[in-house]
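Per-entry structural report
The residues making up each chain are set out below.
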Amino acid sequence: MKNTGFIKILALGALFLASCNKDYLDTVPTEKIGTPTVFETTANVKLAVNGLAKMMTSQYLESQGFNGEGTIKMYYGNYPGNHFFVNLGGWAAIINAGYNENVTSIYLYYPWYYYYKIIGNANIIIHSVDAATGPESEKQFLKAQALTYRAYSFMMLAQIYGYRWSDSNNGSTSGLILRTDMSTGDKALSTLGESYAQIYDDLNTALALYEQSGLKRTKNFEVNKDVAYAIYARAALNRQDYINAEKYAKLAVQDYPLMSVNDYKAGFSTPNAEWIWSSYGALDENLHFYSFFSYIGYNSSAGAVRNTPKCISRELFNKIPATDIRKGLFLDPKTDAYTTSTGVAGAALKARAFQLFPALQSNATTYAYMQFKLKATDMPGVGNLNHFRSSEMYLIEAEAKYFQNKPASEVQTVLNNLTAKSGRDAQYNATATGEDLLKEIKKYRAIELWGEGFDWFDMKRWGDSIDRKIYANGGNFITDLAKVITPEKNNKWTWRIPLRESDYNGALE
């Protein structure tokens, strides 16, 4: 029996979400205005595009704690990765990727639901904006923005529900359902190659429209040509299209210089010079205990942080040079005692944590190697959520150059610009060559992007094994999470198509 309500949730639900902060997302609540009226003017279409932005920080599926993009970063990027520890043995099924073949699991379903919800609403904008009353330049810019959201959503879906490119037989394996219009009928899966072709096509069209419009965004939460460049760079890297990965990574950073050392230590919750795109966060635009920073911000009053702070892996921490400022964003136990089976700090280590970071909640549990990189700006977990910043683009450029067999000196220069010239580690000097140079790229990608939702996605893309160790073996993971997960396991780390889609979509039966 088909689930006839499923597509209605995706294509028609929550197009315009009410917002109480007039400086942020002015949107049209669906109970007050119909879709035809919304698209009468470009001013109203802009409200619809703002609705897409709001979807990325909205709560879904009620009590499960799904909070838009933050959940993707935490549950699908951080938790199952190689360098992110949290003492949650009860979450072993998620952290050890135990649900990615369970087609009835809500955890398998969530990314599909969430991204196709954005895609469905972006499609309405793409196919309706031309008929709106307003300047042609505004129509072009708004359509470009909707195409950018669609490309981003397809890209994220391809990483989760498609094979890594190296296992795809040059893109011939199954990809996505490419719904690019407003139809709601049965539709078969494309190939992975066709899926990436659609992503490229959306971005190429968007970039042309941005250029034609001559308009610019006014807020970091809005998408623009630079965001399209950044999405292009990441998508091309995933597809092992290293020429385009390098090209668009360079284009994306032109107006986004690397942040200062002071900004680096400021909590990663407020846009700065190198933030290319983020989602807005404020006290009146807040999901309270379901927000991303309520799960990770070290100063959060939420129980998810106070009881189980998020930690870097001991192995990765030990690879960070003592001269690198990023080492100071994690609690180094040094000679202070802690419970090695769990990571809970002893009295001396706990006291030092509160001395170094007085913003900790007074009743917070402290752990060896806990993070002080991400900090909420208000309670219980307020903060702007970054999606792209220049540092990632530097790392994409370095990796793309490496796989194009460009001179090692070119790759080393990019790494030196990222780490030494930025002040992250003034003493850093990349000298590695050959396979050691790739290891250097991977190491600094893990260090630079820790906690931002890249860990599992990177390990999948590279085809590297997850290898988490207990304390006795050099790590800091609890026994339930100290696992080796090789690239061929769990359907090659690829999530199955949810039953809710195959029950609805007869083309998949």
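Every residue gets a number counted from 1 within its own chain, in the order that chain's sequence is written. Local features are withheld for residues below a pLDDT of 70 in this predicted model, meaning they are given only at 70 or higher, and side-chain atom pairs are given and counted only at 80 or more; totals for whole chains, interfaces and linings count all residues. Calculated side-chain values reflect all of the structure's heavy atoms, with hydrogen atoms and water omitted.

The protein has the name SusD family protein in an unreviewed UniProt entry, where Sphingobacterium spiritivorum ATCC 33861 is given as its organism. UniProt positions are given in the numbering used here, feature names are shortened, and annotations may be inferred rather than shown by experiment. UniProt, in its Sequence similarities (unreviewed entry) section for the protein, records the words "Belongs to the SusD family." Quoted verbatim from the Subcellular location (unreviewed entry) field of UniProt, the annotation for the protein is "Cell outer membrane".

Before going further, it helps to examine the overall build of the protein. Per the secondary structure count, the protein includes 21 helices and six strands. Note on method: radius of gyration uses C-alpha positions; expected globular size equals 2.2 Å times residues raised to 0.38. Against the globule reference of 23 Å for 509 residues, the protein gives a C-alpha radius of gyration of 22 Å, in line with a compact fold. With respect to the three principal axes, the spread of C-alpha positions in the protein is 65 × 50 × 45 Å. Burial here depends on accessible area, computed with a 1.4 Å probe over protein chains only, as a share of the maximum for the residue type. Under 20% is buried, over 50% is exposed, and the range in between is partly exposed. Within the span of the protein, comprising 509 residues, buried residues form 60% of the whole. Pairs of residues are marked as contacts when any of their non-hydrogen atoms sit within 4.5 Å. A separation of at least 24 residues holds for 72% of the contacts in the protein among residues at least 6 apart in sequence. Accessibility throughout is a Shrake-Rupley quantity obtained with a 1.4 Å probe, and a residue counts as covered only by protein chains that appear here. Just so you have it, the protein exposes about 19,000 Å², and 49% of that area is on carbon and sulfur atoms. The way it works is that DSSP assigns letters per residue, a run of H or I at least four long becomes a helix, a run of E at least two long becomes a strand, and they are numbered from the N terminus.

Below, the discussion takes up the environment of L251. Assignment of secondary structure puts L251 in helix α10 (residues 242-252). The class for L251 is partly exposed, based on a relative accessible area of 22%. Each C-alpha atom, one on L251 and one on V49, is 24 Å from the other, the two residues being 202 residues apart in sequence. Leave out the neighbours within four places in its chain, and L251 touches D226 and Y229.

By the element assignment, E397 lies in helix α16 (residues 390-403). Accessibility expressed as a relative area gives 14% for E397, which makes it buried. C-alpha separation for the pair E397 and V411, spaced 14 residues apart in sequence, amounts to 8.0 Å.

Multiplying one less than the number of residues by 1.5 Å gives the expected span of a helix. Over its 26 residues, helix α7 (residues 136-161) extends 37 Å from the first C-alpha to the last, a length consistent with the 38 Å expected when each residue adds 1.5 Å. Counting buried residues in α7 gives 23 out of 26 residues, a clear majority hidden from the surface.

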